[in-house]
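# Inside the fold
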Amino acid sequence: MELNLVKQIFEDTGFHSLYDKFSYQIYVTGLFDLVDQQSIIEEFLDSYDFNENHTLLFDDFSYFFRSFQYSLQKAEYCSILQPEWD
């Protein structure tokens, strides 16, 4: 996903300061490069409580996102592979 769209998602969800803090790391690591639906990032930001008063490292942020994305993919694959008779 393009960085300008990622930035817009962060702004729309009220996490502009979080994007400013991690924008370089997001760019360098390509954390959101393979994300094809912006709703995944929106749901992630809505699901976690990123309090500005607590220290958050990019490694932790990245781990939380990848775990969230994995759980969504696993749920999707399980629903596809679910037998009809079950």
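Preceding block: the structure.
Let us look at the structure shown here. (Residues numbered from 1 in each chain as written. Predicted model: local features only at pLDDT ≥ 70, side-chain atom pairs only at ≥ 80, totals over all residues. Heavy atoms only, no water.)

### Description of helix α1 (residues 3-12)
Using the following cut-off: Burial classes: relative accessible area under 20% of the type maximum marks a residue as buried, over 50% as exposed, and values in between as partly exposed (1.4 Å probe, protein chains only). Secondary structure elements follow DSSP: runs of H or I no shorter than four residues count as helices, runs of E no shorter than two count as strands, and numbering proceeds from the N terminus. Of all possible arcs, the one meant is that of the directions from the helix axis to the C-beta atoms.
When α1 is considered as a whole, its buried residues turn out to be Val6, Ile9 and Phe10. One face of α1 carries all of its buried residues, which in axial projection span an arc of 100 degrees. Pointing more than 90 degrees away from the buried face of α1 are the exposed residues Asn4 and Asp12. Just downstream of α1 lies Gly14, where phi reads positive at about 85 degrees.

### Topic: the environment of Glu52
Filter applied, for reference: Whenever a nitrogen or oxygen atom comes within 3.5 Å of another N or O atom, the pair is scored as a polar contact, on the condition that within protein one atom can donate a hydrogen and the other can accept it, and that pairs from neighbouring residues in sequence are kept only if both atoms are in side chains.
Mapped onto the elements, Glu52 comes out in the loop between α3 (38-47) and α4 (58-81). Separated by 18 residues in sequence, Glu52 and Leu34 place their C-alpha atoms 27 Å apart. Of note is the side chain of Glu52, whose polar atom sits 2.8 Å from the side chain of Ser17.

### Side note on the nonpolar core
The line we're drawing: To qualify as a nonpolar core, a set must consist of buried Ala, Val, Leu, Ile, Met, Phe, Trp, Tyr and Cys residues joined through side-chain atoms within 4.5 Å. By the convention used here, residues are in contact when the closest approach between their heavy atoms is within 4.5 Å.
Counting 22 residues, the largest nonpolar core has Phe10, Leu18, Phe32, Ile41, Leu45 and Phe61 as its most contacted members. Going through the elements one at a time, α1, α2 (16-29), α3 and α4 are the ones with two or more residues in this core. Not counting residues within four places of it along the chain, the set of residues in contact with Phe61 comprises Phe10, Leu18, Phe22, Leu31, Phe32, Phe44, Leu45, Phe50 and Leu56.

### Remarks on the packing of α1 against α3
Worth spelling out the cut-off: Note on definitions: angles span 0 to 180 degrees between N-to-C directions of axes, and those axes are lines fitted to C-alpha atoms, for helices only across the stretch in contact. In this scheme, a crossing is called left-handed if the near helix is turned counterclockwise away from the far one by less than a right angle; it is called right-handed if the turn is clockwise. Polar here means any residue other than Ala, Val, Leu, Ile, Met, Phe, Trp, Tyr, Cys and Pro, which are nonpolar, and Asp, Glu, Lys and Arg, which are charged; Gly is therefore polar.
Where α1 meets α3, the closest approach of the two axes is 10 Å, and the angle between their N-to-C directions is 35 degrees. As for how α1 packs across α3, the hand of that crossing is right-handed. From α1, Leu5, Val6, Ile9 and Phe10 reach across to α3, where they touch Gln38, Ile41, Glu42 and Leu45. In the contact of α1 with α3, the residues fall into 6 nonpolar, 1 polar and 1 charged.

### Considerations on a nonpolar patch on the surface
Rules: Each patch is built from salt-bridge-free residues with over 30% relative accessible area, joining like charges within 9 Å and nonpolar side chains (Val, Leu, Ile, Met, Phe, Trp, Tyr) within 5 Å. Using a 1.4 Å probe, the Shrake-Rupley method yields the accessible areas, and only the shown protein chains count as cover for residues. Should a side-chain nitrogen of Lys or Arg be within 4 Å of a carboxyl oxygen of Asp or Glu, the pair is scored as a salt bridge.
Taken together, the side chains of Tyr24, Tyr27 and Val28 present a nonpolar region at the surface, about 390 Å² in accessible area. Looking at the element boundaries, Tyr24 is found in helix α2. Assessed through its relative accessible area of 59%, Tyr24 is described here as exposed.

### Things to note about the packing of aromatic side chains
Counted only if it meets this: Put simply, two rings from Phe, Tyr or Trp (the six-membered ring, in Trp's case) pair if the centres are within 6.5 Å, and we call them stacked under 30 degrees between planes, edge-to-face over 60, tilted for the rest.
Evaluation of the coordinates by the stated rule reveals 18 aromatic pairs. Centre to centre, the rings of Phe44 and Phe68 are 5.7 Å apart; their planes meet at 55 degrees, and the pair counts as tilted. Here Phe44, found in helix α3, pairs with Phe68, found in helix α4; they are 24 residues apart in sequence, far enough to count as distant. Across the pair, exposure class does not vary: Phe44 and Phe68 are buried alike. Ring centres of Phe50 and Phe61 lie 5.4 Å apart, and the angle between their planes is 55 degrees; this geometry places the pair in the tilted category. Of this pair, Phe50 sits in the loop between α3 and α4 while Phe61 sits in helix α4, and the two are 11 residues apart along the sequence. For Phe61, a relative accessible area of 0% corresponds to the buried category.

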